[in-house]
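These are the residues of each chain, in order.
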Amino acid sequence: TKCESGCVCADGLYENLDGRCVPAEECPCEYGGLAYGKGEQIQTECEICTCTKGKWKCVQKSKCSSTCNLYGEGHITTFDGQRFVFDGNCEYILAMDGCSVNRPVSSFKIVTENVICGKSGVTCSRSISIYLGNLTFVLRDETFTVSGENPGVRYNVKKNALHLMFDIIIPRKYNMTLIWNKHMNFFIKISRETQETICGLCGNYNGNMKDDFETRSKYVASNELEFVNSWKENPLCGDVYFVVDPCSKNPYRKAWAEKTCSIINSQVFSACHNKVNRMPYYEACVRDSCGCDIGGDCECMCDAIAVYAMACLDKGICIDWRTPEFCRKF
């Protein structure tokens, strides 16, 4: 409709990121803000994608794993990538199988006990219980206990300065890696050999985040609080009716929270910024740092930053962000 000065590529050619006109076969692909050339590949937990004519061609891996995170003051990222936060003071089922009406037998169940950990009413995980038939692990007070046995389950426990890691194999069903930072952060990574339905606060693991708020009664809740309340392990606990905004209740902490959490936005993590969207992690860090007001505030802040560092590591980016003065290891 109007004439504009400038250059255009000839028919059949396309401008690449360097401003040169190239044939379609030479077009780059974009992922996470980075450009990838013809034939280059990226890998996710479930797919291998190859850059072809400016578009990603993806092939599903034969074995696909996915991770659910519970961290800080009630933050959850489901297996399918849905994010939400809640302030529930009860035990909640994070993940279990045997959810279908036809096969109600469960081979595993993972439960978190959430308690109030701030004056504003925010809650965080105090303990994690893992039920594998007659075998039970309880993670609490920076250590764990084992009771019972299940000859049908193989497991191995690894320890380091920051984490406890549980490798659990339920033959012909699941390979699970559970990582606990001995405090508020817990990661559930599952690779499955069955199409058994999974349910709980970690969602239904069907590749679609839009129906992750599926309640115990098998309908999709209209909001996360209705969803959370349906997965209480103890029905006598009170329901959650609202989500606390700790920075509004503790405005004097907000400036400190934003300053300390800004390491996520800084050059320290710059190598990861194009791989993992940092804003949800920064906002979670600020929220938790405002809410952790009855001791251990720096520990809450460090836990929140560590979750972003873990997400970067999953993308192959290792960030050395801890120092003797900032979130030291010991």
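Residues numbered from 1 in each chain as written. Predicted model: local features only at pLDDT ≥ 70, side-chain atom pairs only at ≥ 80, totals over all residues. Heavy atoms only, no water.

Peer 1: Can you tell me about the packing of aromatic side chains, naming the residues and giving the values?
Peer 2: Inspection of the entire model under this criterion finds 15 aromatic pairs. Judged by centre distance (5.7 Å) and plane angle (80°), the rings of F84 and F227 are edge-to-face. Highlighted residues: F84 in strand 10 (residues 83–85) and F227 in helix 1 (residues 224–230), separated in sequence by 143 residues. The exposure classification of F84 matches that of F227, with both residues buried. Taken together, a centroid distance of 5.0 Å and an interplanar angle of 35° make the contact between F213 and F227 tilted. Of this pair, F213 sits in the loop between strand 20 (198–199) and helix 1 while F227 sits in helix 1, and the two are 14 residues apart along the sequence. Taken individually, F213 and F227 each receive the classification buried, so the pair is uniform in this respect. Grouping aromatic residues by their ring pairs yields a cluster made of F84, F86, Y92, F213 and F227. (Phe/Tyr/Trp six-rings, centres within 6.5 Å; stacked < 30°, edge-to-face > 60°. Helix = DSSP H or I, 4+ residues; strand = E, 2+ residues; numbered from the N terminus. Buried < 20%, exposed > 50% of the residue type's maximum accessible area, 1.4 Å probe, protein only.)

Peer 1: Tell me about the pattern of salt bridges, and name the residues and values.
Peer 2: Going through the model one piece at a time under the given rule, you end up with seven salt bridges. Across the pair K38 and E26 runs a salt bridge whose closest N-O atoms are separated by 3.4 Å. With a gap of twelve residues between them, K38 in the loop between strand 4 (34–36) and strand 5 (41–43) and E26 in the loop between strand 2 (21–23) and strand 3 (29–31) connect regions that are remote in the sequence. In this structure, K232 engages D239 in a salt bridge whose closest nitrogen and oxygen atoms are separated by 2.6 Å. For K232, a relative accessible area of 10% translates into the label buried. (Salt bridge = Lys/Arg side-chain N within 4 Å of Asp/Glu carboxyl O.)

Peer 1: Please set out the pairing of strand 16 (residues 154–159) residue by residue, giving values where relevant.
Peer 2: As paired elements, strand 16 and strand 17 (residues 164–170) share six bridges and run antiparallel to each other. When the sheet's bridge partners are listed, K159 is paired in strand 17 with L164. Counted along the chain from strand 16 to the antiparallel partner strand 17, the turn is four residues long. (Pairing = 2+ DSSP bridges.)

Peer 1: An account of the sheet that holds strand 16 is needed here, citing residue identities and associated values.
Peer 2: Pairing within the open sheet is antiparallel, and its seven strands lie in the order 10-9-8-19-18-17-16. Two strands close off the open sheet at either side, each with one partner strand: strand 10 and strand 16. Neighbour-to-neighbour, the strand axes of the sheet open up by a mean angle of 15°, direction not taken into account. Bridge count between strand 8 (residues 65–71) and strand 9 (residues 75–77): three bridges; the pairing is antiparallel. Across the sheet, N69 pairs through a bridge with T77, a residue of strand 9. (Axes fitted to C-alpha atoms, helices over the stretch in contact; angles between N-to-C directions.)

Peer 1: Help me get a handle on the domain arrangement of the protein, residues and values and all.
Peer 2: Partitioning the protein into domains gives domain 1 (13–60), domain 2 (65–230) and domain 3 (246–315). Put simply, the middle of domain 1 and the middle of domain 2, counted by C-alpha atoms, are 36 Å apart. (Domains from an automatic or database assignment.)

Peer 1: Requested: an account of the state of the cysteines, with residues and values cited.
Peer 2: Counting across every chain of the model gives ten disulfides. Covalently, C68 is tied to C202 through a disulfide, its sulfur atoms 2.0 Å apart. Judged by the torsion about the S-S bond (-75°), the C68/C202 disulfide is left-handed. Of the two residues, C68 sits in strand 8 while C202 sits in the loop between strand 20 and helix 1, which places them 134 residues apart along the sequence. One exposure class covers both C68 and C202, and it is buried. Linked covalently through their sulfurs, C302 and C327 form a disulfide whose S-S length is 1.9 Å. Across the disulfide from C302 to C327, rotation about the S-S bond amounts to roughly -85°, and the bridge is consequently left-handed. (Disulfide = S-S within 2.5 Å.)

Peer 1: So what's going on with helix 5 (residues 279–291)? Residues and values would help.
Peer 2: In this model helix 5 runs 18 Å from its N-terminal to its C-terminal C-alpha over 13 residues, within 8% of the 18 Å that 1.5 Å per residue would give. The element helix 5 is extensively covered by neighbouring structure, given that ten of its 13 residues are classed as buried. What helix 5 keeps buried is the set Y281, Y282, A284, C285, V286, R287, D288, S289, C290 and G291. (Expected span 1.5 Å × (residues − 1).)

Peer 1: Before we move on, could you go through the sheet that holds strand 11 (residues 91–97) and cite the residues and values that matter?
Peer 2: Judged by pairing direction, the sheet is antiparallel, and its six strands sit side by side in the order 15-14-13-12-11-20 without closing on themselves. Single-partner strands in this sheet number two, and they are strand 15 (143–147) and strand 20. In the sheet, strand 11 pairs with strand 12 (residues 109–116) via five bridges, with the strands oriented antiparallel. Residue M96 lies in a different strand from strand 12, and its bridge partner there is K109.

Peer 1: Just give me the short version of the environment of D211, but keep the residues and values in it.
Peer 2: The residue D211 is located in the loop between strand 20 and helix 1 in this model. Along the chain, D211 and A221 lie ten residues apart, while their C-alpha atoms are 8.6 Å from each other. In contact with D211, not counting residues within four places along its chain, are N204, N206 and V220. A distance of 2.9 Å separates polar atoms of two side chains, one belonging to D211 and the other to N206. (Contact = heavy atoms within 4.5 Å. Polar contact = N/O pair within 3.5 Å; in protein donor to acceptor, adjacent residues only side chain to side chain.)

Peer 1: Account for helix 3 (residues 251–261), naming residues and giving values.
Peer 2: For helix 3, the complete set of buried residues consists of R253, A257, T260 and C261. Buried residues of helix 3, viewed axially, fall in a sector of 85°; they line one side. Exposed side of helix 3, more than 90 degrees from the buried face: P251, Y252, A255 and K259 are the residues found there. (Arc of directions from axis to C-beta.)

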